[in-house]
Amino acid sequence: MPNIDFSALETLSVSIENNIAHIQLSRPEALNSMVPAFWRELPAVVRKIDAESQARVIVISSQGKHFSAGMDLSVFTNMAKDFQGEPARRAERTRRLVLELQDSFNAMEEVRIPVLVAVQGGVIGGAVDMICAADSRYCTEDAYFTIKETELGMTADVGTLQRLPHLMPQGLIRELAYTGRNMQSEEAKACGFVNQVFSDQQTMLEAVMKIAAKIAMHSPMAVAGCKEMINYTRDHNVADSLTYMATWQSGMFQMPDVQEAMAAGQQRRLPVYAELHKKSSGM
Ligand SMILES: C/C=C/C(=O)SCCNC(=O)CCNC(=O)[C@H](O)C(C)(C)COP(=O)(O)OP(=O)(O)OC[C@H]1O[C@@H](n2cnc3c(N)ncnc32)[C@H](O)[C@@H]1OP(=O)(O)O
């Protein structure tokens with residue numbers, strides 16, 4: 001687990017309250033473009049919240065006019081300067097870099113707790129890769145989504161093309177990827193890419209925090225099981241997924257949580273569940 005200090009982040013701000021972690025992209029003056037520190041900090045923060053905090057759900061949003069302008073363009077110019085030399089070694093270094101970038105967003109999918117993203121304005125290039133790895137997406141009316149990479153002469157490589165086919169229709173994805181045109185919020189809602197569209201960011205955040213609070217009320221074991229199964233089933237067939245479900249349930253069936261849920265219902269009170277096992281960090 002990376003030893004990361006939440007108070008010393010360069011590109012993100014983090015708060016944890018009532019079992020909800022809120023991560024904000026916090027470089028609005030730079031349109032939250034994705035600089036090297038962002039790629040390092042995001043997975044470290046997400047994994048640390050999952051492993052060490054009492055948070056049962058993560059909400060990711062951003063400050064400023066745009067959710068994110070995608071990869072900071074200086075990264076590409078620096079790569080052109082740095083990645084010199086013998087072709088095979090250059091290729092191997094590029095491959096490793098792409099895998100590392102992919103891992104930054106894989107973290108959102110791999111953690112046990114759900115990750116909800118709430119976006120406004122431009123969601124460009126790497127930002128589309130990023131939000132494809134979330135459990136659920138919400139946006140404001142002014143949001144638009146752009147697979148920008150094609151326009152820059154490259155193929156999107158950090159998850160958009162791998163995850164989008166599980167989130168919306170193939171024909172539309174192909175059009176967006178081949179043309180690089182903007183998909184507006186209403187179109188994103190109509191095709192199921194986002195769950196809801198809100199008039200403005202404050203309204204969106206209030207609503208998404210309510211959804212997060214509802215998730216945080218439930219047994220964290222039950223919610224983690226849902227995430228594990230939905231992820232697994234996306235990548236396997238129904239028979240394999242049912243077998244895995246049975247095996248999971250044989251080990252993870254949470255009788256105390258079921259009893260607590262029933263008792264709380266009878267007693268007309270909110271249930272109180274034990275946390276997921278987490279390494280204590282004093283957070
Ligand atoms: C693995 C990931 C790959 C990728 O992400 S590939 C995609 C990389 N991203 C881009 O190509 C985005 C390019 N930028 C844009 O399309 C637009 O901009 C926006 C839609 C993000 C915003 O448009 P608007 O609100 O009209 O602002 P503005 O006047 O275009 O930009 C304001 C300042 O922000 C700088 N900027 C914009 N995007 C980036 C970026 N990605 N990296 C570094 N700087 C960026 C501009 O140059 C400009 O700067 P100045 O005010 O000095 O002229």
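Presented here is a report on the structure given in the accompanying data block. (Residues numbered from 1 in each chain as written. Predicted model: local features only at pLDDT ≥ 70, side-chain atom pairs only at ≥ 80, totals over all residues. Heavy atoms only, no water.)

1. Re the overall build of the chain
So the rule is basically this: Numbering of helices and strands runs from the N terminus, with a helix taken as a DSSP run of H or I at least four residues long and a strand as a DSSP run of E at least two residues long. A radius of gyration in this sense is built from C-alpha atoms; the matching globule rule multiplies 2.2 Å by the number of residues raised to 0.38. In this description, contact between two residues means that some pair of their heavy atoms is separated by no more than 4.5 Å. Here the Shrake-Rupley method, with its probe set to 1.4 Å, supplies the accessible areas, and only the displayed protein chains count as covering residues. Charge counting treats Lys and Arg as positive and Asp and Glu as negative, with His and both chain ends excluded. To locate a charge, take NZ of a lysine, CZ of an arginine, CG of an aspartate or CD of a glutamate.
Along the backbone of the chain there are 11 helices and 9 strands. Over its C-alpha trace the chain gives a radius of gyration of 20 Å, about what one expects of a compact globule, namely 19 Å for 283 residues. Taking the principal axes of the C-alpha coordinates as reference, the chain spans close to 65 × 45 × 45 Å. Expressed as a percentage of contacts within the chain between residues at least 6 apart in sequence, the contacts between residues at least 24 apart total 71%. Surface accessibility of the chain: about 14200 Å² in total, with carbon and sulfur atoms responsible for 55%. In the chain, which carries 27 positive and 33 negative side-chain charges, the distance between the mean positions of the two groups comes to 2 Å.

2. A word on the pattern of salt bridges
Oppositely charged side chains are able to pair whenever their charged atoms sit close together. Put simply, the rule is: Counted as salt bridges are all cases of a side-chain nitrogen of Lys or Arg within 4 Å of a carboxyl oxygen of Asp or Glu. The buried label applies to any residue whose accessible area, calculated with a 1.4 Å probe on protein chains only, is under 20% of its type's maximum; exposed applies above 50%, and partly exposed to all values in between.
This model, assessed by the stated rule, comprises 16 salt bridges. Linking Arg-234 and Glu-109 is a salt bridge whose minimum nitrogen-to-oxygen distance equals 2.9 Å. A residue pair is termed long-range when its members are at least 10 positions apart, and Arg-234 in helix H9 (residues 220-235) and Glu-109 in helix H3 (residues 87-110) qualify at 125 residues. Assessed through its relative accessible area of 27%, Arg-234 is described here as partly exposed. What makes Glu-109 buried here is its relative accessible area of 16%. In this structure, the salt-bridge partner of Arg-269 is Glu-260, at a minimum N-O distance of 2.7 Å.

3. Let's talk about the site of the ligand
We apply this condition: Nearness of a residue to a molecule or strand requires only that one of the residue's heavy atoms be within 4 Å of it. Pairs of N or O atoms within 3.5 Å make up the polar contacts considered here, provided that, within protein, one atom can donate a hydrogen while the other can accept it, and that residues adjacent in sequence are counted only when both atoms are side-chain atoms. Under the convention adopted here, Pro, Cys and the residues Ala, Val, Leu, Ile, Met, Phe, Trp and Tyr are nonpolar, Asp, Glu, Lys and Arg are charged, and Gly plus all remaining residues are polar.
Taken together, 18 residues form the shell around the ligand, and within it Lys-65, His-66, Ala-69, Met-71 and Gly-126 come nearest. At a separation of 2.9 Å, a nitrogen atom of the ligand approaches a polar backbone atom of Ala-69. Split by residue class, the shell around the ligand holds 9 nonpolar, 4 polar and 5 charged.

4. Thoughts on the sheet that holds strand S4 (residues 115-119)
Put simply, the rule is: Here, a strand pair is defined by DSSP locating no fewer than two bridges between the strands. To obtain an axis, a line is fitted to C-alpha atoms, over the contacting stretch when the element is a helix, and the angle between two such axes runs from 0 to 180 degrees between their N-to-C directions.
Across the sheet, 6 strands lie side by side as S1-S2-S3-S4-S6-S9; this open sheet has mixed pairing. Of all strands in the sheet, those bounded by a partner on one side alone are strand S1 (12-17) and strand S9 (196-198). For this sheet the average axis-to-axis angle between neighbouring strands, irrespective of direction, equals 20°. Two elements, strand S3 (residues 57-62) and S4, share 3 bridges in a ladder whose sense is parallel. What sits directly across from Ile-58, in S4, is Val-115.

5. Topic: a negative patch on the surface
So the rule is basically this: Any residue with relative accessible area above 30% and no salt bridge may belong to a patch, with like charges joined within 9 Å and the nonpolar Val, Leu, Ile, Met, Phe, Trp and Tyr side chains within 5 Å.
Together, Glu-141, Asp-142, Glu-186, Asp-200 and Glu-206 make up a negatively charged patch on the protein surface. Looking at the secondary structure, you find Glu-186 in helix H7 (residues 185-190).

6. Regarding the environment of Pro-256
Along the polypeptide, Pro-256 turns up in helix H11 (residues 255-267). Sequence separation of Pro-256 and Ala-274 is 18 residues, and the distance between their C-alpha atoms is 9.2 Å.

7. A closer look at the packing of aromatic side chains
Cut-off, in case you're wondering: Each Phe, Tyr or Trp ring (for Trp, its six-membered ring) is paired with any other whose centre lies within 6.5 Å, and the angle between the two planes then decides the class: stacked below 30 degrees, edge-to-face above 60, tilted in between. Here, a charge over a ring means that NZ of Lys or CZ of Arg falls within 6 Å of the ring centre while also lying within 35 degrees of the ring normal.
Under the criterion given, the structure shown has 6 aromatic pairs. Geometrically, the ring pair formed by Phe-145 and Phe-193 is edge-to-face, given 5.4 Å between the ring centres and 90° between the ring planes. Pair noted here: Phe-145 is in strand S7 (residues 144-146) and Phe-193 is in the loop between H7 and S9, with a separation of 48 residues, a long-range link. Put simply, the rings of Phe-38, Trp-39 and Phe-105 pair up and form one aromatic cluster. Its guanidinium or amino end placed over the ring of Phe-6, Lys-48 lies 5.7 Å from that ring's centre, counting from NZ or CZ.

8. Looking at the side chain of Asp-129
Within the secondary structure layout, Asp-129 lies in helix H4 (residues 126-132). Buried charge Asp-129 goes without a salt bridge, the closest partner of opposite sign being Arg-163 at 6.9 Å. One polar contact links the side chain of Asp-129 to the main-chain amide nitrogen of Val-158, over a distance of 3.2 Å. When neighbours within four sequence positions are excluded, Asp-129 is seen to be in contact with Phe-105, Glu-149, Asp-157, Val-158, Gly-159 and Thr-160.

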